[in-house]
Amino acid sequence: MRVLVTGTPGTGKTTATDALDTDLDVVHLNDVIRDEELYTERDAERDSLVADVDALVETYADRDDVLVESHLAHYLPDADAVVVLRCRPDVLEERLRARGDDEGADLAAVEREAEENSEAEALDVVLAEAVERHGEERVYEVDTTDRTPDDVATEIGAAIRGERDPSAGDVDFTEYLL
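Remember, it's a predicted structure, so these values are computed and weren't measured experimentally.

Draft legend 1. Structural view of the overall build of the chain. Within the chain, the secondary structure is distributed over seven helices and seven strands. Taking 178 residues into account, the globule formula puts the C-alpha radius of gyration at 16 Å, and the chain, at 16 Å, falls close to it. Expressed as lengths along the three principal axes of its C-alpha atoms, the size of the chain is roughly 40 × 40 × 30 Å. Within the chain, the proportion of its 178 residues that are buried is 45%. Side chains of the chain give 17 positive and 50 negative charges; the mean places of these two sets differ by 1 Å.

This is how it looks when you write it as structure tokens:
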């Protein structure tokens, strides 16, 4: 089985998958990108790595019994289930700003990233990409806004076990664009 857990940065992917009780090999793709140098460059403005998606696909194309977690996970092929974590954009923006409270953080960059990601969340960007690549029948949305990591992990587990129906399109945050 191959499960992808994806979503806009700040939706709780890493925290929820760390809380998940599963026999699948959990891979935090962002760590792999950094540790195995699967990137093409460093984006100085955002202080982030630009992932080499082709190298990621090649690295994970034949992996089974794996759960891959990242805002890029939905780019990997042949998933049995794609869980898209969602969060109300205003809450997401607060979460991302709180991450930037670290000493020495570029506050302007943090603010820009928080705004960009909250807009992407309101526009369903990751969800649309996941549905386009994997089909509605494999995509499960989980709203993490008011849920604990354990609650989110329970929902991910239910999707893995086939105990819930696919739910692409159930979460709607477009009112935040108005």
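So that's the structure; there's more coming.
Draft legend 2. Fine view of the side chain of Glu 69. Within the secondary structure, Glu 69 sits in strand E5 (residues 66-69). Of the side chains with opposite charge, Lys 13 comes closest to the buried, unpaired Glu 69, at an N-O distance of 5.1 Å. Among the polar contacts listed, one links the side chain of Glu 69 to the side chain of Thr 14, at a separation of 3.0 Å. Each residue touching Glu 69, except ones within four places of it in the same chain, is listed here: Val 5, Lys 13, Thr 14, Thr 17, Val 27, His 28, Leu 29 and Asn 30.

Draft legend 3. Main features of the pattern of salt bridges. Inspection of the entire model under this criterion finds 12 salt bridges. Among the salt bridges present, the one from Glu 121 reaches Arg 86, with a minimum N-O distance of 2.9 Å. Of the two residues, Glu 121 sits in helix H5 (residues 107-122) while Arg 86 sits in strand E6 (residues 81-86), which places them 35 residues apart along the sequence. For Glu 93, the salt bridge is made with Arg 97, and the minimal N-O distance between the two is 2.4 Å.

Draft legend 4. Focus on the environment of Asp 62. Summarising the element assignment, Asp 62 is placed in the loop between helix H3 (53-60) and E5. Look at Asp 62 and you get exposed, because its relative accessible area is 72%. On a C-alpha basis, the gap between Asp 62 and Asp 31 in space is 19 Å, while along the polypeptide they are 31 residues apart.

Draft legend 5. Region of interest: the packing of helix H4 (residues 89-99) against H5. With their axes 9 Å apart at the nearest point, H4 and H5 run at an angle of 155° to one another. By the angle between their axes, H4 is roughly antiparallel relative to H5. Here H4 runs over H5; the crossing is right-handed. Residue-level contacts link Pro 89, Leu 92, Glu 93, Leu 96 and Arg 97 of H4 to Val 110, Glu 111, Glu 113, Ala 114, Glu 115, Asn 117, Ser 118, Glu 121 and Ala 122 of H5. When the residues that make up the contact of H4 with H5 are grouped by side-chain class, the tally is six nonpolar, two polar and six charged.

Draft legend 6. Layout of the pairing of strand E1 (residues 2-7). The buried count for E1 comes to six of six residues, which makes it a mostly enclosed element. Judged from the four bridges that link them, E1 and E5 form a sheet pairing that is parallel. When the sheet's bridge partners are listed, Val 5 is paired in E5 with Glu 69. The pairing of E1 with E6 spans five bridges and is classified as parallel. Across the sheet, residue Val 5 finds its bridge partner in E6, namely Val 83.

Draft legend 7. Spotlight on the packing of aromatic side chains. The full count for this structure, using the stated rule, is one aromatic pair. With centroids separated by 6.3 Å and ring planes inclined at 70°, the aromatic side chains of Phe 173 and Tyr 176 adopt a geometry described as edge-to-face. Under the relative-accessibility criterion, Tyr 176 is labelled partly exposed at 33%.

The rules behind these values
- Residues numbered from 1 in each chain as written.
- Predicted model: local features only at pLDDT ≥ 70, side-chain atom pairs only at ≥ 80, totals over all residues.
- Heavy atoms only, no water.
- Helix = DSSP H or I, 4+ residues; strand = E, 2+ residues; numbered from the N terminus.
- Rg over C-alpha atoms; globule rule 2.2 N^0.38 Å.
- Buried < 20%, exposed > 50% of the residue type's maximum accessible area, 1.4 Å probe, protein only.
- Lys, Arg positive; Asp, Glu negative; His and termini not counted.
- Charge placed at Lys NZ, Arg CZ, Asp CG, Glu CD.
- Salt bridge = Lys/Arg side-chain N within 4 Å of Asp/Glu carboxyl O.
- Polar contact = N/O pair within 3.5 Å; in protein donor to acceptor, adjacent residues only side chain to side chain.
- Contact = heavy atoms within 4.5 Å.
- Axes fitted to C-alpha atoms, helices over the stretch in contact; angles between N-to-C directions.
- Parallel < 35°, antiparallel > 145°, perpendicular 65-115°, else oblique.
- Left-handed = near helix turned anticlockwise from the far one by under 90°.
- Nonpolar A, V, L, I, M, F, W, Y, C, P; charged D, E, K, R; others polar.
- Pairing = 2+ DSSP bridges.
- Phe/Tyr/Trp six-rings, centres within 6.5 Å; stacked < 30°, edge-to-face > 60°.

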